Amino acid sequence: MSLTPLLEQYHRIKQKYRDTILLFQVGDFYEMFYDDAKIVARALGLTLTARSHGKDNKVPLAGIPVKALDTYLERLLACGFRVAICEQQEAPGLSKIIKRNVIEVITPGTAMRPTLLEDKKNHYLLAIMPGQAFFGIAFADISTGEFYLAQIAKGNLKEEIGKIDPKEIIIPSSSGGVDYGQVTTLLDDYYFSYDYAYEKLKTHFGVANLAGFGIEDYQLGIQAAGAVLYYLEETQKHTLPHIRKISLYRPTEYLFIDRMTRKNLELTERLNPQASPDFKKGTLLSILDHTKTPIGARLLRKWLLSPLLEVTKIKERQQAVCEIAKNSFLLKDLSDTLTQIGDMERIASRVACERANARDLIALKNFLKQAPAIKNLLVGSASTLLKDFYHRIGDFTPITERIEKTLVEEPPLALTEGGLIRTGYSCELDKTRNLCHNAKKYIAELQEKERRLTGIPNLKVNYNSVFGYYIEVTKSYLSLVPKHYLRKQTVASAERYITPELKEYEAKVLNAEERIKSLEYELFLQLRSEIGQVVPQILEFSNIIAQLDCLLSLAIVAQANNYCKPEIDEGTEIIIKDSRHPVVEQLTTEPFIANDVYLNQSDHQILLITGPNMAGKSTYLRQVALIVIMAQMGSFVPAQKAKIGVVDKIFTRIGASDDLARGVSTFLAEMNETANILNNATSRSLIILDEIGRGTATYDGLALAWSVVEYLHQNPSFQPKTLFATHYHELTDIAHFLPRVKNYNFCAKESQDGIIFLRKLVSGKSDKSYGIAVAKLAGLPKEVIERAKILLPKFEKGEEISIKSITTDKDTDTKDQLSPIEEELLKIDVNKLTPIEALNLLHQLCQKAKNRA
Ligand SMILES: Nc1ncnc2c1ncn2[C@@H]1O[C@H](COP(=O)(O)OP(=O)(O)OP(=O)(O)O)[C@@H](O)[C@H]1O
Ligand SMILES: [Mg+2]
């Protein structure tokens, strides 16, 4: 079967892009053929048709309009496809079959188009190079130019992947079959080989060796990095000059927050995203993020997920936050100025990859023009960071003036259709534009002239795309048409002519227009490549803006929410006066009750926290962890006063989280997490345990909880600070035996209308549980509540239980249906009453009985 030339070309190209969906431009459409068409039609709900290519050859076909590419790309990537875009490289008609080339391969981890990127989040591509005990990883965001490498212990790999949250992972083909949970692409082992990778990095950065980056010793990391570079270049079809350096990523420099903790504490996402349509609302990030720029928003997210360990660095941020928060003018002016700045980082990256259009450059110019204003605001700053920014902000006037002189203020999107360059910038362009203008004017005047000469009053000069300019004469005046008019076309009521003069001027117009377009494009490319030279400086400025934006954001929250500056030191105490939960205090309608925190290594290592359901235990536990995180990211904290000894890791075990997807039961998941905590905590760690042991039989649970507390207390090698909320009242007895365990409780009051939560943490264990009172609040049927009240003392005393049948007839179960007076009697502990109290009580009961009668 012979193929048409078009299909032949298609097959030739498709062969090189087997694992992608090939979008093949045919005029105004990108067409997909064969299986690509079938798969995509099914996934996106497109119409699947078939087109005949030659005899007996029907090929399945689906198409998307070229204009709608961005929308479809978004959907294709969301389905996990890799997409190759094959464009027509010349105007139709020049050769028998139009030249076509793949100009870009887009995969989830390599997207650069603004429409495919989230503003406030990095889009990382991550490569993993497996080793024995350690794995090499490298990750880059092509849209921003960031590039990191690390070597991670095998056991921590999942944690790190969770934190980096890449859009796509590449691994050597020979290590396939591992599920990393993200879109995973297999790459030939060759690209992960050390020699290839080392050479690749050396050539890319133009260096003799990698010592300057401090990564020379990280062999596995280098292997992963080489693969990242290869894959990015291969998909972009372009070198990546904006990736200027590779940095060592050292997770150990940051407060370690594991995956479950990140989830449980709802740092950047809600535990239950369905709870709110805005998935960020109710997260710590949503409270802290008042950034004005996408670059700042992305950095703040990183600060939140990687708080610092080094006291001096934390203090540097604090100082700057303090300076901004205290100076309301600075705060306001910085806010206003930063609002004028957009995603400089991504535009600079597009400039470097030669993907920026004229609108990008205009935007970039407007952002860079803010530099002097920002520098001005930082004059005389006291804090180390702000001072440093002041000195580092460069002078961008040459580049902004250059852009301003070259480009019009509102250029079109297309780069090849003209209309980009200002008058006065290029003599040649201006001359050509004049020529074009004059020729057009001449043609416009021609109509009048010809009417005069021929005496045809309705003669018209018109233009169409088939044969250009022509003269049209209606049938009634044909007799007046002069001899030198050449007939070109006959239409219903008229004849169309051309003249040599008309064609001469037409050629002038068309030539000039072509020349203008290509000149403008050339001038634009020149400008863009010149700006490409200063991309490093722009990225440096962008980084300063991002940091400034984060510090401003933290200053804004500190001010608005009345936070205090925590005192940070190397000590081991955590003392917080009147701490609040940063998120709950914003969302709750009732006033938030502040509570103190006191944790240390000597006598308050483990706090056992009891209290009724709904009393505020979990809220308190989380707020302590959140405050530590905020403090170590350099933020102020919701409290009156705080002193925080730097914490190295935070672990949480909160609530029941089924990991159904992994096929792990609630209880097993809980024990897994607990094991992880016990195995990895250090004396500097903070552990939050919220009701562990709950998912199993009471005594099993209690026994486990007890032995966990013992382990945390008695282990000679580590004594992490721990907050432990529990409903096992028996557990509180452990404080008698272990000196560093202390009991605290959230008290509640029972009143006529039910239970009142005081939300106040007090020393000592709670006296009783109020589960039934809380259940009543939840609106359980009265019968159930009453019955539970009767059962409770029986269970507590280990008495035998008889089954009650549920009927609406109140008399059926008189045996178990107690009168209010009997209920009161049950509550009395005769041994604890003095004779006077007993007499009083008897009097009250008699009174109540009389009233009822
Ligand atoms: N200090 C506080 N001030 C005001 N409201 C609070 C405070 N602490 C908690 N709350 C409110 O009380 C609700 C219940 O708190 P929380 O979930 O912490 O109770 P709990 O003691 O853990 O209950 P359970 O034992 O059922 O897990 C929270 O949703 C919050 O709205
Ligand atoms: Mg709770």
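Residues numbered from 1 in each chain as written. Chains lettered and ligands numbered in written order. Predicted model: local features only at pLDDT ≥ 70, side-chain atom pairs only at ≥ 80, totals over all residues. Heavy atoms only, no water.

Per an unreviewed UniProt entry, the chain carries the name DNA mismatch repair protein MutS and comes from candidate division WOR-3 bacterium. Looking at the chain in UniProt, the text filed under Function (unreviewed entry) is "This protein is involved in the repair of mismatches in DNA. It is possible that it carries out the mismatch recognition step. This protein has a weak ATPase activity." Regarding the chain, the relevant UniProt record gives this comment under Sequence similarities (unreviewed entry): "Belongs to the DNA mismatch repair MutS family." (UniProt positions renumbered as here; feature names shortened; annotations may be inferred.)

Caption draft 1: Region of interest: the environment of Glu 234. Structurally, the position occupied by Glu 234 is in helix 6 (residues 219–236). A sequence separation of 130 residues divides Glu 234 from Glu 104, and the C-alpha atoms of the two residues are 8.5 Å apart. (Helix = DSSP H or I, 4+ residues; strand = E, 2+ residues; numbered from the N terminus.)

Caption draft 2: Structural view of the UniProt feature "binding site: ATP" (unreviewed entry) in the chain. Listed under "binding site: ATP" (unreviewed entry) in the UniProt record, and renumbered for this structure, are Gly 611, Pro 612, Asn 613, Met 614, Ala 615, Gly 616, Lys 617 and Ser 618. Within the secondary structure layout, Asn 613 lies in the loop between strand 21 (606–610) and helix 21 (617–632). Given a relative accessible area of 29%, Asn 613 falls into the partly exposed group. Counting through the fold element by element, Met 614 comes out in the loop between strand 21 and helix 21. Among the residues examined, Met 614 registers a relative accessible area of 52% and is labelled exposed. (Buried < 20%, exposed > 50% of the residue type's maximum accessible area, 1.4 Å probe, protein only.)

Caption draft 3: Expanded view of the nonpolar core. Core analysis: the largest hydrophobic core is formed by 134 residues, its most contacted members being Met 344 and Leu 407. When residues in this core are grouped by element, the largest group, 16 residues, is from helix 19 (residues 535–560). A domain-level breakdown of this core finds at least three residues from each of domain 3 (427–528) and domain 4 (567–767). Not counting the four nearest positions on each side in its chain, Met 344 is found in contact with Ile 295, Leu 364, Phe 367, Leu 368, Ile 538, Phe 541, Ser 542 and Ile 545. Counting 34 residues, the second-largest nonpolar core is a separate cluster that includes Met 129, Ala 197, Val 228 and Tyr 230. (Core = buried A, V, L, I, M, F, W, Y, C linked by side-chain atoms within 4.5 Å. Domains from an automatic or database assignment. Contact = heavy atoms within 4.5 Å.)

Caption draft 4: Quick peek at the sheet that holds strand 7 (residues 125–129). On the basis of which strands lie adjacent, the open sheet formed by 6 strands has the order 11-10-7-8-9-12 and mixed pairing. Each having just a single partner strand, strand 11 (184–187) and strand 12 (247–248) make up the two edges of the open sheet. Two elements, strand 10 (residues 168–172) and strand 11, share 4 bridges in a ladder whose sense is parallel. For Ile 171, the partnering residue across the bridge sits in strand 11 and is Leu 186. (Pairing = 2+ DSSP bridges.)

Caption draft 5: Geometry of the side chain of Thr 185. Locating Thr 185 in the fold gives a position in strand 11. The class for Thr 185 is buried, based on a relative accessible area of 7%. One polar contact links Thr 185 to Glu 168, side chain to side chain, over a distance of 2.7 Å. Beyond its immediate chain neighbours, meaning those up to four positions away, Thr 185 contacts Arg 82, Glu 168, Ile 169, Ile 170, Ile 171 and Tyr 231. (Polar contact = N/O pair within 3.5 Å; in protein donor to acceptor, adjacent residues only side chain to side chain.)

Caption draft 6: Local environment of the site of ligand 1. Taken together, 14 residues surround ligand 1, and among them Ile 593, Met 614, Lys 617, Ser 618 and Thr 619 come closest. The contact in question runs from an oxygen atom of ligand 1 to an N or O atom on the side chain of Asn 613, over 3.2 Å. A distance of 2.7 Å separates an oxygen atom of ligand 1 from a polar atom in the side chain of Ser 618. When the free accessible area of ligand 1 is taken as 630 Å², the share hidden by the protein chains comes to 79%. Ranked by residues supplied to the shell around ligand 1, first place goes to helix 21 with 3 residues. Each residue belonging to the shell around ligand 1 can be placed in one class, and the counts come to 6 nonpolar, 5 polar and 3 charged. (Near = heavy atom within 4 Å. Areas by Shrake-Rupley, 256 points an atom, 1.4 Å probe, with all protein chains shown as cover. Nonpolar A, V, L, I, M, F, W, Y, C, P; charged D, E, K, R; others polar.)

Caption draft 7: Up close: the side chain of Arg 653. Tracing the chain through its elements places Arg 653 in strand 23 (residues 649–654). With relative accessibility at 1%, the residue Arg 653 sits in the buried group.

Caption draft 8: Structural context of the packing of helix 13 (residues 358–368) against helix 16 (residues 397–406). With their axes 9 Å apart at the nearest point, helix 13 and helix 16 run at an angle of 140° to one another. Overall, the two elements helix 13 and helix 16 adopt an arrangement that is oblique. For the crossing formed where helix 13 meets helix 16, the hand is left-handed. Touching Leu 361, Ile 362, Lys 365 and Leu 368 of helix 13 are Ile 399, Thr 400, Ile 403 and Glu 404, all from helix 16. Its residues placed into classes, the contact of helix 13 with helix 16 shows 5 nonpolar, 1 polar and 2 charged. (Axes fitted to C-alpha atoms, helices over the stretch in contact; angles between N-to-C directions. Parallel < 35°, antiparallel > 145°, perpendicular 65-115°, else oblique. Left-handed = near helix turned anticlockwise from the far one by under 90°.)

Caption draft 9: Spatial organisation of the packing of aromatic side chains. With the rule as written, the count across this model stands at 23 aromatic pairs. With 5.4 Å between their ring centres and 70° between their planes, Tyr 190 and Tyr 191 make a pair best called edge-to-face. We classify Tyr 190 as partly exposed; its relative accessible area is 48%. Ring centres of Tyr 196 and Tyr 230 lie 6.3 Å apart, and the angle between their planes is 75°; this geometry places the pair in the edge-to-face category. Of the two residues, Tyr 196 is situated in helix 5 (residues 194–205) and Tyr 230 in helix 6; the sequence distance between them amounts to 34 residues. Each member of the pair, Tyr 196 as well as Tyr 230, is classed as buried. Aromatic ring contacts, followed pair by pair, group Tyr 10, Phe 24, Phe 33 and Tyr 34 into a single cluster. Its end group placed over the ring of Trp 303, Arg 317 keeps NZ or CZ at 3.7 Å from the ring centre. For the cation-ring pair, Lys 375 lies above Tyr 390, with the distance from its terminal atom to the ring centre recorded as 5.0 Å. (Phe/Tyr/Trp six-rings, centres within 6.5 Å; stacked < 30°, edge-to-face > 60°. Lys NZ or Arg CZ within 6 Å of the ring centre and 35° of its normal.)

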